[in-house]
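Structure assessment
The lines below spell out each chain.
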Amino acid sequence: MNRKTSRGNRWGLALIGSVLFVLGGLVAARGLGAFGSAQTPIVDGGVRQFFAGSGPAIWWVVAIVSIVVALLALRWLLVQTRREVTHRPIRLERSPTGFSEVSADGVADAVAADVASSPAVLSADAGVADSHYPPEVRLRVVADERAPIGELRWHLSAIALQHLRDALNSDHVHAVARVSLEPPPASHRMVH
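Scope of this entry: the structure provided in the associated data block.

**A short note on the overall build of the chain**
Along its length, the chain carries 5 helices and 5 strands. For the chain, with 192 residues in total, the buried portion stands at 21%. Summarising the internal contacts of the chain: among those between residues at least 6 apart in sequence, 55% fall at separations of at least 24.

Printed below as a string of structure tokens:
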């Protein structure tokens, strides 16, 4: 998930949370008798008459609003699952005579191989999130749950990402690592 998606999630959740907070406060106040007796129904004769007098048009409006809300929710779900890994070349340098590019897949494979070279790592996968320079690298690492996490962190920053910075000739490379810890696979015994 990129920063734009995260910002949209925060704003959307803050808005929904605020609306629900206000509605919850109104319901609590109603239950405590702030708006008349708590025994009177919330939907009184005036509301019933409004819906009865509006005819079928009000139900079309309710249906359209419901469809719009459902489509917005579906769009939100699709944005959450969007994979932003690129396979386009990364442009490293531009000069009057041309430009230098490197394969995004090659960069991802090299970073994954560097990460997997650590004894603490069971498997590693990488992807380049955009083709801008310097690119953002997304790492998915499965590490041995018994390995010291400090050693894994050191290997990521001092070995794998340093090799990437050297290869791209850049002082800064954005990287996001998702590390999951698992027990190592059971050793296989061979019987002769």
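**Notes on the packing of helix H4 (residues 104-116) against helix H5 (residues 149-168)**
Between H4 and H5, the shortest axis-to-axis distance is 9 Å and the interhelical angle comes to 150°. Viewed along their axes, H4 and H5 adopt a mutual orientation that is roughly antiparallel. When the axes of H4 and H5 are compared, the crossing they make is right-handed. Note on element contacts: H5 touches H4 through His 155, Leu 156, Ile 159, Ala 160, His 163 and Leu 164, opposite Val 107, Val 111, Asp 114 and Val 115. Class assignment of the residues belonging to the contact of H4 with H5 gives a composition of 7 nonpolar, 2 polar and 1 charged.

**Quick word on the pattern of salt bridges**
Oppositely charged side chains may form a pair once their charged atoms are brought near each other. Under the counting rule described, the total for this entry stands at 3 salt bridges. Across the pair Arg 140 and Asp 125 runs a salt bridge whose closest N-O atoms are separated by 2.7 Å. Of the two residues, Arg 140 is situated in strand E4 (residues 136-144) and Asp 125 in strand E3 (residues 121-128); the sequence distance between them amounts to 15 residues. Overall, the relative accessible area of 30% leaves Arg 140 in the partly exposed class. Taking the relative accessible area as the measure of exposure, Asp 125 reaches 38% and is therefore partly exposed.

**Topic: the pairing of strand E5 (residues 174-182)**
Where E4 and E5 come together, 9 bridges link them in parallel fashion. Bridge pairing in E5 places Asp 144 opposite Glu 182.

**Points about the nonpolar core**
Within the largest apolar cluster, 21 residues are counted, with the highest numbers of intra-cluster contacts made by Val 111, Val 115, Ala 126, Val 137, Leu 139 and Leu 164. Going through the elements one at a time, H4, E3, E4 and H5 are the ones with two or more residues in this core. Once residues lying within four places of it in the same chain are set aside, the contact partners of Val 111 are Ala 126, Val 137, Leu 139 and Leu 164.

**Details of unusual backbone geometry**
With a phi angle near 55°, Asn 169 is a residue other than glycine that sits in the positive phi range. Tracing the backbone shows Asn 169 in the loop between H5 and E5.

**Here we look at the sheet that holds E3**
Taken together, 3 strands build an open sheet; the order of strands is E3-E4-E5 and the sheet is mixed. Of all the strands in the sheet, just E3 and E5 have a single pairing partner and so form its edges. Between one strand and the next, the sheet's axes are offset by a mean angle of 15°, whatever the strand orientation. Where E3 meets E4, 7 bridges bridge the pair, whose relative direction is antiparallel. By the bridge assignment for E4, Val 121 is matched with Ala 143. Seen against the sheet, H4 touches E3 and E4 and runs at an angle of roughly 160° to E3. H5 contacts E3, E4 and E5 of the sheet and is inclined by roughly 145° relative to E5.

**Notes on a nonpolar patch on the surface**
Together, Leu 15, Ile 16, Val 19, Leu 20, Phe 21, Val 22, Leu 23, Leu 26 and Phe 35 line one region of the surface with nonpolar side chains, adding up to about 940 Å² of accessible area. Inspection of the secondary structure puts Val 22 in helix H1 (residues 3-31).

The rules we used
- Residues numbered from 1 in each chain as written.
- Predicted model: local features only at pLDDT ≥ 70, side-chain atom pairs only at ≥ 80, totals over all residues.
- Heavy atoms only, no water.
- Helix = DSSP H or I, 4+ residues; strand = E, 2+ residues; numbered from the N terminus.
- Buried < 20%, exposed > 50% of the residue type's maximum accessible area, 1.4 Å probe, protein only.
- Contact = heavy atoms within 4.5 Å.
- Axes fitted to C-alpha atoms, helices over the stretch in contact; angles between N-to-C directions.
- Parallel < 35°, antiparallel > 145°, perpendicular 65-115°, else oblique.
- Left-handed = near helix turned anticlockwise from the far one by under 90°.
- Nonpolar A, V, L, I, M, F, W, Y, C, P; charged D, E, K, R; others polar.
- Salt bridge = Lys/Arg side-chain N within 4 Å of Asp/Glu carboxyl O.
- Pairing = 2+ DSSP bridges.
- Core = buried A, V, L, I, M, F, W, Y, C linked by side-chain atoms within 4.5 Å.
- Patch = residues over 30% accessible without salt bridge, like charges linked within 9 Å, V, L, I, M, F, W, Y side chains within 5 Å.
- Areas by Shrake-Rupley, 256 points an atom, 1.4 Å probe, with all protein chains shown as cover.

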